[in-house]
Amino acid sequence: MPPDAAVDFAGTAGTGTQPVSESTPPPPGAEPDDSSPVPPDAVDEEDGTATTARADPRGDVVTPIPQTPPEGRAAGVPVLVGGTDLADATATLISYTSPDGGGPREVLLATLTEEAEAKLTDALALDAEHLVAVQVQEEINGRLPADEHKQLHELVAKTAKSVNHKLKHALPIPPHTQQYLATAQAAVQEVLDDPNTTADEQTMAAHYQAHLDAIAARVADPAAQPYEEGGKVPHVHPYLHTGVATITKLVPAPQEEPGPGLLAATLRDASRIQAHIDPATGAATWDGTSRSPADGKEYAIDLGEGWQAVYRPYSANDPAEHEYSLRGQLEVHAPQGAGHGHQLVRRLGELNLVNRAMTHAEGEWTYLAANIDAQRLGEHPAVKTALTHAGELEELQLQELYHTHAHQAVGLDDQQLAALAKEWQIEAAAACLPKKVRMVREAVATATGHADGATLAASPGYDPAPRASGGWLTWSRFDVGNQHSAVEAAWQGRSLVHHVTGANLTDLLATGVLASTERRAVMGIPAGKGMSESSDKYSGGANAVFTRVRASSSVGKGPRLVWDDPVRLLDNTGVYGYDGDHFGALNPKGNHSVQGMTTDPVKMAHFSAKNNEVMFRHGLDLLGAQAPSRILCHDSAQRTEVLALLAKKGITHLNGQPVDQIVQ
């Protein structure tokens, strides 16, 4: 997405970027007592029911799980969950105000790792492969779904633009432009050849094929007619349909009754929570049922007793066709009313996922994993070997639990046995994690030139405590912390800039958070605040916010947010960038290349392309420790408006400076 043309906002006033902990953690490198696994037959102290979400005797939890999340807070409350099932081990609890006045709608939101998906699908009575193509009639006013899903217009228009650029300057058609043409031709031909394609979809594909035929003719003979004499490729308009159209949909085939211990689930078209936010108060509301359509598939899962879950599987959402940013997203919905915070986490256990608050030992695993990814250490031989062996530990731990507690299975029926096996799987994942931490810490130390794991843990940059930033949590990079002076020197005279469109600056600061497209959708911020929201969902950029590198002396005119000391933002494992416009691409099968991506803050400092991108996953807290150094307004009237807003919020300083010096 072109960041200089985008505004991303959501949430409530930030609370700052600072370590989060319920109690004082053990010193880095200290080994926990992991000799005793949590007993599988523990009882919940609150309601007396059997549960696997228990206090963990191996250490204090990193973030407390609130029993009653604050109602209406659009950004929600981020919490850390033990194990390795969730991306960054993070979940968010949101309590939406209900418009019917019958009590809030409490929801847990998280993203599974791709490795954890098999555990979840093992809990379901539905196979994602049981899909049947059907033709249905729908009222369409615009592009057909097949066009949007396959992005045919984007592919053909991109090809035409590239060819015209070469024709205008009398340049030969390069290989990459010819590849654009081949990719577009293949995508359109796939629709034409599909026996399930409807007549309306065939007409749409023929519209684009006609454009491609004209483009192919000009590529074959660029000198046939000079560009100045009308020899350009015609502008590619999208195929638009108004009225009823017959379209193709994939729907799940009829399923049998769930087996013992399995959850009833239905595979359906993907969707998102359709919440609303009050622009004056920032409070989020949702009626518990309204959803907006998305391009992909999801499971609707019945957890019983009014509890539900929604999961968007990696396996059923092809990166080449569906929205990349929704893959792995999980929602758990409580019955209407307040006070379900603990149970929302516990219910993860019914999906075969670890379901307890994270301990400090477990937090270090997530910290190491995030640093391995950010520092590109995964292919180092020592790290690669350690990660392989760490994966084997869980299976060994599971076998140990089977042998130790086999007596508990005597006399149980099939459903009870399935539930017990599910508990043991969760316990195995949690119990072996401290051992995995020790093993991987040693390997990471070797890969980064430290004498051993203890030396690495004692280095000044090593800090496995997460930091709260608005409505999410971040992890620091020990390489940035250990080389802080060198990184600062590289960024001397350079700033990070985010351009805010139109009159949205006050709205942005009212929420306090610069948030990604996916975050905004969850919080109830209406679509249209970013320039390329739809494309970003396919590229993966919808899970991050966009900034650009600029010389500090020439950041441009307002409205803009400027960070003149970027290193305090870059000490973050969720940062990546491109020296060019790649729409924040993470999708290796998307229309925007992932070649040239870097996570190195020093390389980012040397970005020179005008449309470079420095991406921050989830977003930035604008009113806390990540506050901008300068807030550049469009004019004096807007400055007065911004200062009045901050005064109303009781904010007198940002980043340690008086607001009247920052707001310019």
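Heads up: the structure comes first, above all this text.
What counts, and where the lines are drawn
Throughout, residues of each chain are indexed from 1 in the direction in which the sequence is written. In keeping with the predicted nature of the model, local features appear solely for residues at pLDDT of at least 70, side-chain atom pairs appear and are counted solely at 80 or more, and the whole-chain, interface and lining totals rest on all residues. Heavy atoms from the whole structure form the basis of all side-chain values; hydrogens and water molecules are not counted. Two strands are counted as paired when DSSP detects at least two bridges linking them. Helix and strand definitions here come from DSSP, where helices need a minimum of 4 consecutive H or I residues and strands a minimum of 2 consecutive E residues; each element is numbered from the N-terminal end. Stacked, tilted and edge-to-face pairs are distinguished by plane angle, under 30 degrees for stacked and over 60 for edge-to-face with tilted covering the rest, among Phe, Tyr and Trp rings (Trp via its six-membered ring) whose centres lie within 6.5 Å. Using a 1.4 Å probe on the protein chains alone, a residue whose accessible area is under 20% of its type maximum counts as buried, one over 50% counts as exposed, and one in between counts as partly exposed. Geometrically, a lysine NZ or arginine CZ counts as sitting over a ring once it is within 6 Å of the ring centre and also within 35 degrees of the ring normal. Axis lines are fitted to C-alpha atoms, over the contacting stretch for helices. Their N-to-C directions set the angle, which ranges from 0 to 180 degrees. Here, two residues are considered to be in contact whenever any of their heavy atoms come within 4.5 Å of each other. Every case where a carboxyl oxygen of Asp or Glu lies within 4 Å of a side-chain nitrogen of Lys or Arg is listed as a salt bridge. Polar contact is the term for a pair of N or O atoms within 3.5 Å; when the atoms are in protein, one must be able to donate a hydrogen and the other to accept it, and sequence-neighboring residues count only if both atoms are side-chain atoms.

(A) Spotlight on the pairing of strand β10 (residues 291-304). As paired strands, strand β7 (residues 265-273) and β10 are joined by 8 bridges and run antiparallel to one another. Paired with R268 across the two strands is E298, which belongs to β10. In the sheet, β10 pairs with strand β11 (residues 307-311) via 5 bridges, with the strands oriented antiparallel. Looking across to β11, one finds that D302 is bridged to Q308.

(B) Up close: the packing of aromatic side chains. All told, the structure shown has 4 aromatic pairs when counted by the stated rule. Where Y96 meets W286, the ring centres are 5.7 Å apart and the plane angle is 65 degrees; that geometry is what we call edge-to-face. Pair noted here: Y96 is in strand β3 (residues 86-96) and W286 is in the loop between β9 (284-285) and β10, with a separation of 190 residues, a long-range link. Pair check on accessibility: Y96 and W286 agree, each one buried. A ring pair is formed by Y462 and F478, whose centres lie 6.0 Å apart and whose planes are at 40 degrees; its orientation type is tilted. One end of the pair, Y462, is in the loop between α11 (453-458) and β13 (467-469); the other, F478, is in helix α12 (residues 478-482), with 16 residues separating them in the sequence. Taking the relative accessible area as the measure of exposure, F478 reaches 1% and is therefore buried. Clustering of aromatic rings is evident, with ring pairs tying together Y367, Y462 and F478. Lying over the aromatic face of W365, K436 brings its terminal NZ or CZ to 4.9 Å of the ring centre.

(C) Representation of the sheet that holds strand β12 (residues 329-333) within the structure. Read across the open sheet, the 7 strands follow the order β2-β3-β4-β12-β11-β10-β7; overall the sheet is antiparallel. Each edge of the sheet is formed by a strand with only one pairing partner; in this case those strands are β2 (77-80) and β7. In this sheet, neighbouring strand axes are inclined to one another by 30 degrees on average, regardless of whether the strands run parallel or antiparallel.

(D) Representation of the side chain of S535 in the model. Along the polypeptide, S535 turns up in helix α16 (residues 533-539). The buried category is assigned to S535, whose relative accessible area is 18%. With residues up to four places along the chain from it excluded, the contact list for S535 reads Q151 and F583.

(E) Representation of the pattern of salt bridges. What the rule picks out here adds up to 23 salt bridges. The shortest N-O distance in the salt bridge between D100 and R105 comes to 3.9 Å. In this structure R105 comes out as buried when scored by relative accessible area, which is 18%. Between R268 and E298 there is a salt bridge whose closest N-O contact spans 2.8 Å. Of this pair, R268 sits in strand β7 while E298 sits in strand β10, placing them 30 residues apart in sequence.

(F) Examining the environment of R268 more closely. With relative accessibility at 31%, the residue R268 sits in the partly exposed group. Each C-alpha atom of the pair R268 and G296 lies 8.7 Å from the other, and the pair is 28 residues apart in sequence. Leaving out residues up to four positions away in the same chain, R268 has contacts with R291, G296, K297, E298, A300 and V310. At 2.8 Å, the side chain of R268 and the side chain of E298 are in polar contact.

(G) The pairing of β2, seen in detail. Alternating residues of β2 divide into V77 and V79 and P78 and L80, and every residue in both groups is buried. In terms of strand pairing, β2 meets β3 through 4 bridges, oriented antiparallel. For P78, the partnering residue across the bridge sits in β3 and is T92. Turn length for the β2-β3 hairpin, with the two strands adjacent in sequence and antiparallel, is 5 residues, and the turn residue G83 shows positive phi of about 80 degrees.

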